[in-house]
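The chain contents come next:
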Amino acid sequence: MIDINRYQSMAKLSLSESERARISDHADILVKSFDELEKINVDNASPLISVLNESNILREDIPRKFTTREELLSYAPEQSDGYFQVPKTID
Amino acid sequence: MKYEVVMGLEVHVELSTNSKLFCACSSKFGAEPNENVCPACLGMPGMPAVTNKRAIELGIAAGLVTNSEITKTISFDKKNYFYPDLPTGYQVTQLFAPICKNGWVEIETEKGKKKITLSQIHIEADAGKLVHDNRTDTSLIDYNRASVPLIEIVSNPDFRSAEEVVAYLEKLRQLLSFANVSDCKMQEGSMRCDVNISVMEKGATEYGVRTEIKNMNSLKAIAAAINYEAQRQIDALETASEELVQETRRWDDSKGQTFSMRQKEDATDYRYFPNTELMPISIEDKWIEEVRANLPEAAHDRFLRLTEKLGLSEYDSNIITGSKNLSDIFDKTMEYFSKPKEVANWIIVELLSIAKGDNKGEDDVKIDCKKFAKLMELVDSKVINRNVGKDLLSLVLTEDIDPEKYVEENKLGMISDTDMIDKVVQEVLVEFSKSVEEYKEGNQKVFGFLVGQTMRKLGGKANPQLINSLLKKHLS
Amino acid sequence: MDYFIIDYNVEGQNTLALEDSIMQKGRPITAGSKMLDNFIAPINATVVDKLSNEYKIAGKTVMDEFGIPSFFSGESDEISGAIKAVVDNAVSFSLCNDVFGKYRKQAADNKLCYIHPTYGTVSRYGLVPVASSMDQIGIVCKDMREGFKLLSLIAGNDEKDGAMFSEKSYSYDNNEQDLTLAIPDSVIRMADKNVQDAIGDFAKNFKTTSLDLEHFNVYKQVMYILSCAEISNNISRYDGVNFGYRTSNYTNIDELYTNSRTEGFGYHAKLTAIMGTMVLTENNYKTYYDKAMKLRRLIKDGVSFEGYDIIVLPCDIGKDPYDNLSLYSLANLAGLPSVSFSYKGQGIQLIANVRKESSLLTAWEVCMK
């Protein structure tokens, strides 16, 4: 049984009773299948992070304006005076 | 002193690149809110990150000036948490393969020299900025700063006093600004410092409970916060007035106290994992040597050059090499007018005081060095007198005038005609006969007054030495 | 079922559909999610720029939310919009991002072909990201040759995508070589007898060799763990703050986040977010995510392509979509190109080595003669 409360809180979700039950069932199936991994020794393997063997894909330091501020602010659910707006957040 | 204060520092420094770390938006400070943003740094889907080459070079430079080991292959990782200034819900940072390790910085305090050792330096992307609007009970977000490249310099817990911390920050600022890594301006947020602090009884083998203090926006605030927090911890241990817990505390400058920040649940499980969008970066020796060769001359080397080669006093050299901007002005001006003591004098005495009146410090003052040099030459060769020179300096600074042309057009050339000066001296002695009497009675100060009056009548342009000698002649 | 979420009412030859995860500047894009309701694409995908001279875009197709299918039996398995549009001849091609193999399977099931290119050969600029180390835009087509022709137009290095090979262009001609086919017998035997027979017939056209896919029994777990972590991270940007769906029910920032995401995400996205969160926590990282990355290394190293050019696999080995995931994991875990198609009425997929798509075209042409 996975700790759904903890993970939903970390993922900023609030599951309904039925979702929670369904996720719990599905998570159990998945986690049980992960048991197979225990049998394999990976001590001699290094993690594969990207299948691409390329390195040093870098960009020259040249600034470029994408578009007007107005156009991007138009995506904001709430905006004020050139800022994106959310409820007061202190931390 | 029963207790010892132990501190480690995490210093965040904004790199002086032109564009952001993972997108091409400008990273310059001071733009209108949300002027320098694009879909990528706003967290919108569809625009993959591509790493800024210059940011890596500045990371290498930071490693070189802090005697660090540069990691051969670096990569980026993702740190997951939700906060409105973080548009993607994760910060790109380096956990597994930071760019530098095991460096050190030498500091000097009243107690002498000390080596502060560094654990590591890593590159990460900055977040946006939140401003709180109390009227509407909302927070306003400006994403100009989101994805600006930062390095985080993590020290070992080597600090034992606020003085050491301040010396370290000043030294870091000098090292990094001279290397063109960052302008390190705390007031603009390009250098920020968090302090991890604990106290322990002298001779103890285990560190005490440590807290992290944040939100200090100046060196003064840092020193005050350290002293307050150290005392708070000592009081807690001595009187058991409160229990010390490992936590993050916020410095409140107006109240002069630290306050506990609200505890966050699961605050520390950031679920770090490797960033699969960004390919690793291999830093070969060749690249490191290129960066090293292009490093501007370090402050200390400039100091030695100014004192040993150019014969400046240590005092003057310290001032000039205290700021990269000032130091560059000195060197550039010397290219056109190569009398070091004169140049130093003009910078330290005249330029800085005029700039101060304009609310500009040694880091901000901007001047055309060729014109500055010309000005010095005009005074040095007695074409104009020094006072006229000072006035012109103001005009060069504010209006960028051409000094030579200006002198010609406004007939500011120094009057060295002895007969003319003599005539005016005699006029002054007649007009201010009372003062002459006072002088003859022994009041030496009046001499200066008479010089001043003579100079005034000559439109401020006369050769002061001549006025002096002629006045003396008539008064004796 | 309507396969177009937007229909541009364009007809004629050389039309194609885009899965609604590929951006066209100024047009709405949803990636199948309510979180992107009313989101207008700010950029044109590079693939769209590259193909617009020769192909007309007829519409955007309905898709699973962020391409996440259901992995559990008993759940409906509707035909995807991108597949149906080609089946119905509304378009000649569809472009999609096939992380989990759903398009490869459905193409073969519906007598179409799917081309899943080598990771890093087609730009992801303008693609809504799903699993960053596996995302790759591929092609649904009727004729493999025509599909490769389209692929050669859209493949090639794009400096706006930081994870690509440097090759500026690719051509996929039939290389007419003598191909050796590797046959993972133990996997083939898991399929239906009809499929086994079809693969047996197919193999007669080639030199063959046996292949042991050593870690096949953990392919799906490795695939699931890595993808759910990457997806949960790629969808953490959908938070109601500065674009996309925001709940109308909130009094503080936490409610804004939680309610927006709870109302905006569908079930499978939520399951993926929970699982992705779980495998990355400090306590679980070593057991799951780190282990899966190391297994990925072993899996990729295990297919050396020494002594063989292509691997053949069935498209279906069980009723459970999670089991079938194993079949489609190798290509995504190892970044290999793959094609699927129907042969003698059965679905078959072929996998080649990195950037060796030509072998796949050759193999297909051999058996289609």
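For the structure, check the block above.
Residues numbered from 1 in each chain as written. Chains lettered and ligands numbered in written order. Predicted model: local features only at pLDDT ≥ 70, side-chain atom pairs only at ≥ 80, totals over all residues. Heavy atoms only, no water.

Caption draft 1: Focus on the overall build of chain A. Tallying secondary structure elements over chain A gives 3 helices and 3 strands in all. Taken from the N to the C terminus, the helices and strands of chain A come in the order α-α-β-α-β-β. With respect to the principal axes defined by its C-alpha atoms, chain A has extents near 55 × 45 × 25 Å. Burial analysis of chain A (91 residues in total) assigns 46% to the buried set. For chain A, the computed accessible surface area is about 5,000 Å², with 45% contributed by carbon and sulfur atoms. (Helix = DSSP H or I, 4+ residues; strand = E, 2+ residues; numbered from the N terminus. Buried < 20%, exposed > 50% of the residue type's maximum accessible area, 1.4 Å probe, protein only. Areas by Shrake-Rupley, 256 points an atom, 1.4 Å probe, with all protein chains shown as cover.)

Caption draft 2: Layout of the overall build of chain C. When you go through chain C residue by residue, the secondary structure sums to 12 helices and 11 strands. Taken against the 2.2 N^0.38 rule, which gives 21 Å for 369 residues, the C-alpha radius of gyration of chain C at 20 Å falls within 12% of a compact globule. Counting only C-alpha atoms and orienting by the principal axes, one finds that chain C spans roughly 70 × 55 × 40 Å. Expressed as a percentage of the 369 residues in chain C, the buried residues total 66%. Across chain C, contacts joining residues at least 24 apart in sequence account for 73% of those joining residues at least 6 apart. Only carbon and sulfur atoms are counted for the fraction: they give 42% of the accessible area of chain C, which is about 12,500 Å². Computed over 37 positive and 47 negative side-chain charges, the inter-centroid distance for chain C is 2 Å. (Rg over C-alpha atoms; globule rule 2.2 N^0.38 Å. Contact = heavy atoms within 4.5 Å. Lys, Arg positive; Asp, Glu negative; His and termini not counted. Charge placed at Lys NZ, Arg CZ, Asp CG, Glu CD.)

Caption draft 3: Structural detail: the interface of chain A and chain C. Between chain A and chain C, the residue contacts involve 46 residues of the former and 65 residues of the latter. Together, the buried faces of chain A and chain C total about 5,100 Å²; carbon and sulfur atoms form 71% of this surface. Our enumeration of links across chain A and chain C arrives at 2 salt bridges. Of the charged contacts in the structure, one is a salt bridge between A:Glu19 and C:Lys270, with a shortest N-O distance of 2.6 Å. On the surface where chain A and chain C come into contact, there are 18 residue pairs in polar contact (both at pLDDT 80 or more). (Buried area = accessible area lost by both parts, 1.4 Å probe. Salt bridge = Lys/Arg side-chain N within 4 Å of Asp/Glu carboxyl O. Polar contact = N/O pair within 3.5 Å; in protein donor to acceptor, adjacent residues only side chain to side chain.)

Caption draft 4: The arrangement of unusual backbone geometry in detail. The phi dihedral of B:Asp400 falls on the positive side, at around 55 degrees, and the residue is not glycine. As for its position among the elements, B:Asp400 is in the loop between helix H10 (386-399) and helix H11 (403-409).

Caption draft 5: Fine view of the sheet that holds strand E10 (residues 129-133) of chain B. Across the sheet, which stays open at both edges, the 4 strands sit in the order E2(A)-E3(A)-E11(B)-E10(B) with antiparallel pairing between neighbours. Two strands close off the open sheet at either side, each with one partner strand: strand E2 (79-80) of chain A together with E10 of chain B. Two elements, E2(A) and strand E3 (residues 83-87) of chain A, share 2 bridges in a ladder whose sense is antiparallel. From the neighbouring strand, A:Gln79 faces E3(A), where its bridge partner is A:Phe84. (Pairing = 2+ DSSP bridges.)

Caption draft 6: Broad picture of the interface of chain C and chain B. The interface is formed by 39 residues belonging to chain C together with 32 residues belonging to chain B. Contact with chain B buries area across many residues of chain C, yet C:Asn233, C:Arg237 and C:Asn242 alone supply 21% of it, more than any other trio. Counting across the chain C and chain B interface gives 0 salt bridges. At the boundary of chain C and chain B, one finds 12 residue pairs in polar contact (both at pLDDT 80 or more). Of all the secondary-structure elements, those providing two or more residues to the side of chain C that touches chain B are helix H7 (219-234), helix H8 (253-264), helix H9 (267-280) and helix H10 (282-301) of chain C. Looking at the side of chain C that touches chain B residue by residue, the class counts come to 20 nonpolar, 10 polar and 9 charged. (Nonpolar A, V, L, I, M, F, W, Y, C, P; charged D, E, K, R; others polar.)

Caption draft 7: Summary view of the side chain of C:Ser326. Residues and elements named next belong to chain C. Inspection of the secondary structure puts serine 326 in helix H11 (residues 321-334). For serine 326, a relative accessible area of 5% gives the class buried. Among all residues touching serine 326, those that are not within four sequence positions of it are Phe216, Tyr219 and Lys220.

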